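Below are the chains, spelled out letter by letter.
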Amino acid sequence: MVPGMLSNADSALGDWGRAAANLYVKQEALDPANAHADVAWIGYNTPGIVGVTSGVDASQGARRLAAELDADHDTRVGDGSPTSVNVVAHSYGTTTAADALTETAHKVASFTMVASAGLDPLKVTDLARLHVATTHVPGQEGRTPAIYTTGASADHLAPFGADVSGRAEPNPGVAAPGAPVIFGAQSFSSDGDVAKGLLPVEGHNPLGSDGAWWEKVTTAAPPPGHGYFDPGTQSLRNIAATSTGRDAFVDGGLTKTADSWGLSADWEF
């Protein structure tokens, strides 16, 4: 699990650790036949509000993350324990993780982008460049890269960050008008499902909180219980499903971002 801006260890261990614990509990519930472990990876210097428009921290963090992911693979080769390594990233963490997945020697099982702050269009020119395995999506023909994305309609901070930085937004449905986008991921909803009692995400941060006034104005801080990794949200359920290979359990289903815009699946930014 790769965090976004303002998530250095001295300030983010609490919230990002809770986000990881929440995801672990949901993964165990959706996929009880397998054992799970979640790593709240805080292994790079995350940017502040100003630095978030730059790709420097992402590039530096990507090298560390790529080494971590390849080491996870290499330490298990030949030991007889099949392990599926999946990447979940939030906000600027998606920028870092996408960079890293162009550098790894081995493919990961899946990559889930949550509230993306955009991907570097010079480095990630096509999602096919990411070293991610393919999967069969229920209701769709053939196999497609196991790359997933979500952005809540109430989260205005993520698409704004992508736009001002010139990075490509993988959630075309929430991108600012005229902003660069990149198609090809499978999108899922974080806006809630009333019929199933799943709550909507109502801001940007991983966990909801009371927040300062500026966090409320910018939608940085969702109300308590309405963050992307809060228990009871549609978002947490769906992230748990995509990160365990349980695509059929994604509430609301998966939609190819290209198809949702009436474009062919091979069209990219």
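Model, not experiment: these values are computed from the prediction.

### Details of the pairing of strand β1 (residues 86-90)
The side chains of a regular strand alternate between the sheet's two faces. Taken across its 5 residues, β1 has 4 buried, putting it largely inside the fold. For β1 and strand β2 (residues 110-114), the ladder comprises 5 bridges, and the chain directions are parallel. Within the sheet, the bridge partner assigned to Ala89 lies in β2 and is Met113. Following the chain from β1 across helix α3 (residues 92-100) to the adjacent parallel β2, one finds a crossover that is right-handed.

### Focus on helix α4 (residues 157-165)
Listing the buried residues of α4 in full gives Ala158, Pro159, Gly161, Ala162 and Ser165. All buried residues of α4 lie within an arc of 160° about the axis, which places them on one face of the element. Phi for Gly166, located one or two positions after α4, is positive at around 80°.

### Considering the sheet that holds strand β6 (residues 186-187)
The 5 strands lie next to each other as β1-β2-β5-β6-β7, forming an open sheet whose pairing is mixed. Edge positions in the sheet fall to β1 and β7 (255-256), since each has one partner strand and no second. Bridge analysis of strand β5 (residues 147-150) against β6 gives 2 bridges, and the strand direction is parallel. When the bridges of β6 are listed, Tyr148 appears paired with Gln186. Along the sheet, α3 makes contact with β1 and β2, crossing β1 at roughly 145°. Running at roughly 160° to β2, helix α6 (residues 234-242) makes contact with β1, β2 and β5 of the sheet.

### Structural notes on the environment of Leu101
Structurally, Leu101 is set in the loop between α3 and β2. The exposure class of Leu101 is buried, given its relative accessible area of 0%. For Leu101 and His131, which are 30 residues apart along the polypeptide, the C-alpha to C-alpha distance reads 5.3 Å. Beyond its immediate stretch of four places on either side in the chain, Leu101 contacts Leu69, Val108, Phe111, Arg129, Leu130, His131 and Val132.

### Some details on the packing of helix α1 (residues 9-30) against α6
Two elements in contact, α1 and α6, have axes whose closest approach is 9 Å; the angle formed by their N-to-C orientations is 65°. You can see that α1 and α6 cross each other, and the crossing is right-handed. Residues Asn22, Leu23, Lys26, Gln27 and Leu30 of α1 lie in contact with α6, whose contacting residues are Leu236, Arg237, Ile239, Ala240 and Ala241. Here the residues of the contact of α1 with α6 are counted per class, giving 6 nonpolar, 2 polar and 2 charged.

### A few points about the pattern of salt bridges
A full pass over the atoms with the stated rule returns 4 salt bridges. As a salt-bridge pair, Lys123 and Glu103 come within 2.5 Å of each other at their nearest N and O atoms. Pair noted here: Lys123 is in the loop between β2 and β3 (134-135) and Glu103 is in the loop between α3 and β2, with a separation of 20 residues, a long-range link. Judged by relative accessible area, Glu103 falls into the partly exposed class, the value being 33%. Residue Asp251 pairs with Lys196 through a salt bridge whose shortest N-O separation is 2.9 Å.

### Quick look at the nonpolar core
One finds Phe111, Leu130 and Phe229 to be the most contacted residues of the largest nonpolar core, which totals 53 residues. The contact partners of Leu130, leaving out residues within four places of it in the chain, are Ala98, Leu101, Thr102, Phe111, Val124 and Ile147.

### Description of the packing of aromatic side chains
This structure, assessed with the given rule, holds 2 aromatic pairs. The interplanar angle of 15° and the centroid separation of 5.9 Å between the aromatic rings of Trp41 and Tyr44 together place this pair among those described as stacked. You can call Trp41 buried: its relative accessible area is 10%.

### Here we look at the confidence of the model for the protein
Residues with a pLDDT of 70 or more make up 91% of the protein, whose mean pLDDT is 89. Confidence drops under a pLDDT of 50 for residues 262-269, and excluding neighbours within four residues, the segment shows 17 contacts in the predicted structure.

### Some details on the packing of helix α2 (residues 56-74) against α3
Relative to each other, α2 and α3 sit at 55°, their axes nearing to 7 Å. Classified by the angle between their axes, α2 and α3 sit oblique to one another. Between α2 and α3 lies a crossing of right-handed hand. Between α2 and α3, the residues in contact are Val56, Asp57, Ala58, Ser59, Gly61, Ala62, Leu65 and Ala66 and Tyr92, Thr95, Thr96, Ala97, Asp99 and Ala100, respectively.

Definitions and cut-offs
The written sequence of each chain sets the order in which its residues are numbered from 1. For a predicted model such as this one, the threshold for reporting local features is a pLDDT of at least 70, and the threshold for listing and counting side-chain atom pairs is 80 or more; totals across whole chains, interfaces and linings nevertheless cover every residue. The basis for the side-chain values is all heavy atoms of the structure; hydrogens and waters are excluded. Burial classes follow relative accessibility: with a 1.4 Å probe on protein chains only, a residue under 20% of its type's maximum area counts as buried, one over 50% as exposed, and anything between as partly exposed. Note on conventions: DSSP H or I runs of at least 4 residues are helices, E runs of at least 2 residues are strands, and numbering of each starts at the N terminus. Here, a strand pair is defined by DSSP locating no fewer than two bridges between the strands. Clockwise travel from the first strand over the helix to the second, with the strands pointing away from the viewer, marks a crossover as right-handed. As used here, the arc belongs to the directions running from the helix axis to the C-beta atoms. Any pair of residues with heavy atoms lying within 4.5 Å of one another is described as a contacting pair. For helices, the axis comes from a line fit to the C-alpha atoms of the stretch in contact; other axes are also lines fit to C-alpha atoms, and the angle between any two N-to-C directions lies between 0 and 180 degrees. The handedness criterion is simple: a crossing whose near helix is rotated anticlockwise from the far helix by less than a right angle is left-handed, and one whose near helix is rotated clockwise is right-handed. Amino acids outside the nonpolar list (Ala, Val, Leu, Ile, Met, Phe, Trp, Tyr, Cys, Pro) and the charged list (Asp, Glu, Lys, Arg) are all regarded as polar, and Gly is one of them. Salt bridges, as used here, are contacts in which a Lys or Arg side-chain nitrogen is within 4 Å of a carboxyl oxygen on Asp or Glu. Among the buried residues, those of types Ala, Val, Leu, Ile, Met, Phe, Trp, Tyr and Cys that are joined through side-chain atoms within 4.5 Å form a nonpolar core. Aromatic contacts are taken between Phe, Tyr and Trp rings whose centres are within 6.5 Å, Trp giving its six-membered ring; a plane angle under 30 degrees counts as stacked, one over 60 as edge-to-face, and the others as tilted. On a scale of 0 to 100, pLDDT captures the predictor's confidence in every residue. Under this scheme an angle from 65 to 115 degrees is roughly perpendicular, one under 35 degrees roughly parallel, and one over 145 degrees roughly antiparallel; angles in between are oblique.

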